[in-house]
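Read off the chains here:
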Amino acid sequence: MRTLLMNSPHFPPPTTVRRCSDLSQPIHDVDLVITIGGDGTLLQASHLMDDSIPVLGVNSDPTRPDEVEEFSEEFEATRSTGYLCAATANNFEQMLDDILDNRSEPSELARIAVNLNSKPISTSALNDVLLAHPCPSRASRFSFRIMKNGELSSSLLHSRSSGLRVSTAAGSTAAMLSAGGLEMPILSKELQYMVREPISPGLTSHLMHGFMKSDEMMDVTWYCREGFLYIDGSHVVHSIQHGDTINLSSRAPKLKLYLPPHLLSHNV
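Residues numbered from 1 in each chain as written. Predicted model: local features only at pLDDT ≥ 70, side-chain atom pairs only at ≥ 80, totals over all residues. Heavy atoms only, no water.

This part is about the pattern of salt bridges. Within the structure shown, the criterion is met by six salt bridges. Between Arg 103 and Asp 101 there is a salt bridge, and its shortest N-O distance comes to 3.0 Å. The residue Asp 215 makes a salt bridge to Lys 148 at a minimum N-O spacing of 3.3 Å. Remark: Lys 148 occurs in strand S9 (residues 140-148) and Asp 215 occurs in the loop between strand S14 (209-212) and strand S15 (216-222); sequence separation between them is 67 residues. Relative accessible area serves as the criterion here: at 31%, Asp 215 is assigned to the partly exposed category. Taken together, the shared-partner salt bridges in this structure form one network comprising Asp 98, Asp 101 and Arg 103. (Salt bridge = Lys/Arg side-chain N within 4 Å of Asp/Glu carboxyl O. Helix = DSSP H or I, 4+ residues; strand = E, 2+ residues; numbered from the N terminus. Buried < 20%, exposed > 50% of the residue type's maximum accessible area, 1.4 Å probe, protein only.)

Spatially, the six strands line up as an open sheet ordered S14-S13-S12-S8-S16-S17, and their pairing is antiparallel. Strands at the two margins of the open sheet, each flanked by one partner only, are S14 and strand S17 (236-241). Each neighbouring strand pair of the sheet contributes to a mean axis angle of 15°, computed without reference to strand direction. The pairing of strand S8 (residues 128-132) with strand S16 (residues 226-231) spans four bridges and is classified as antiparallel. Within S16, the residue paired with Ala 132 across the bridge is Phe 228. (Pairing = 2+ DSSP bridges. Axes fitted to C-alpha atoms, helices over the stretch in contact; angles between N-to-C directions.)

Moving on, we come to the pairing of S17. Two elements, S16 and S17, share six bridges in a ladder whose sense is antiparallel. From the neighbouring strand, Phe 228 faces S17, where its bridge partner is Ser 239.

Attention shifts here to the nonpolar core. Val 114, Val 166, Met 218, Leu 229 and Ile 246 are the most contacted members of the largest nonpolar core, which totals 28 residues. With near-sequence residues (within four places) excluded, Met 218 lies in contact with Phe 144, Arg 145, Ile 146, Leu 164, Val 166, Tyr 193, Met 212, Ile 246, Asn 247 and Leu 248. Counting residues in each nonpolar core, the second largest holds 20 residues, with Ile 27, Val 33, Cys 85 and Leu 259 among its members. (Core = buried A, V, L, I, M, F, W, Y, C linked by side-chain atoms within 4.5 Å. Contact = heavy atoms within 4.5 Å.)

So, on to the pairing of S16. On S16, burial follows the alternation: Gly 227, Leu 229 and Ile 231 on one face are buried, whereas Glu 226, Phe 228 and Tyr 230 on the facing-out side are not. Between S16 and S17, which pair antiparallel and follow one another directly, the connecting turn spans four residues, one of which, Asp 232, has a positive phi of 55°.

One non-glycine residue, Asn 149, lies in the positive phi region at around 55°. Tracing the backbone through its elements, the reader meets Asn 149 in the loop between S9 and strand S10 (151-152). Classification of Asn 149 as exposed rests on a relative accessible area of 65%. Here Asp 232, not a glycine, exhibits a phi torsion of approximately 55°, which is positive. Relative to the elements of secondary structure, Asp 232 occurs in the loop between S16 and S17.

Along the polypeptide, Ser 249 turns up in strand S18 (residues 245-249). Side-chain polar atoms of Ser 249 contact the backbone nitrogen of Arg 251, separated by 3.3 Å. Ignoring anything within four residues of it in the chain, the contact list for Ser 249 reads Arg 111, Ile 112, Ala 113, Leu 191, Glu 216 and Met 217. (Polar contact = N/O pair within 3.5 Å; in protein donor to acceptor, adjacent residues only side chain to side chain.)

With respect to the helices and strands, Asn 247 occurs in strand S18. The contact partners of Asn 247, leaving out residues within four places of it in the chain, are Ala 113, Val 114, Asn 115, Met 217, Met 218 and Asp 219.

In this section: helix H3 (residues 92-100). Of all the residues in H3, the buried ones are Phe 92, Met 95, Leu 96, Asp 98 and Ile 99. Down the axis of H3, the buried set is contained in an arc of 160°. They therefore lie on one face. On its buried face, H3 is in contact with strand S3 (32-37), strand S4 (55-59) and strand S19 (255-258). (Arc of directions from axis to C-beta.)

The topology assignment puts Leu 182 in the loop between helix H4 (175-178) and strand S13 (191-196). The class for Leu 182 is partly exposed, based on a relative accessible area of 46%. Each C-alpha atom of the pair Leu 182 and Ser 172 lies 6.6 Å from the other, and the pair is ten residues apart in sequence. Discounting chain neighbours no more than four positions away, the residues touching Leu 182 are Ser 172, Leu 177, Gln 192, His 209 and Phe 211.

Right under this line is the structure:
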């Protein structure tokens, strides 16, 4: 098996070892990618991968509950969350043996395909996409609608707010959940969207949060002079301007990922 190990100092051949920061081209010609770090490392790696190569995340610095309790009155002692990482140093060898012996299968996670002015952005979002004004205190002005097979699935909505976030199931437990969204089953192919802090939504307030089915897409038109399109936090950022159109859907290639068992048990 040809393996690409990311952010690790040593591993026996035929393994190729690379730091995430050293990679800029799509990953090919390996059978397995192993990321060592946390969810951030896994997100970076996913941006260089299609649906042909599985990935195993190893949380190299998991949070220790005893430390969190001991230092709770002094500082935040939480380490890496590693929500999507199936392995740690304690179970890595067993996980790798299960993969090599075909006792473990990767799951397919939905990602967000992004088109800017009808041109596809090469990076697919594993967690979420955020559209927002560069200044946090300035209102974001945009309109959006949900489409299915070229026809409207929702009415056209105009918004003044702090921006628009669209998340996958994998990203639904991150910023989306913190903002009042809902946790989704990890294998769901739907997308969740939320207008952030809408200004005087009135009768449309119930339309500021919802879901898109796998055969639907969202069309957004941006009406501020400037703005940013963030893919998976600050990992990938694109500038947008007045009149730009953004199309979001779950039509991106899925990511094959070995998941922690507890995430699969909650997929109901």
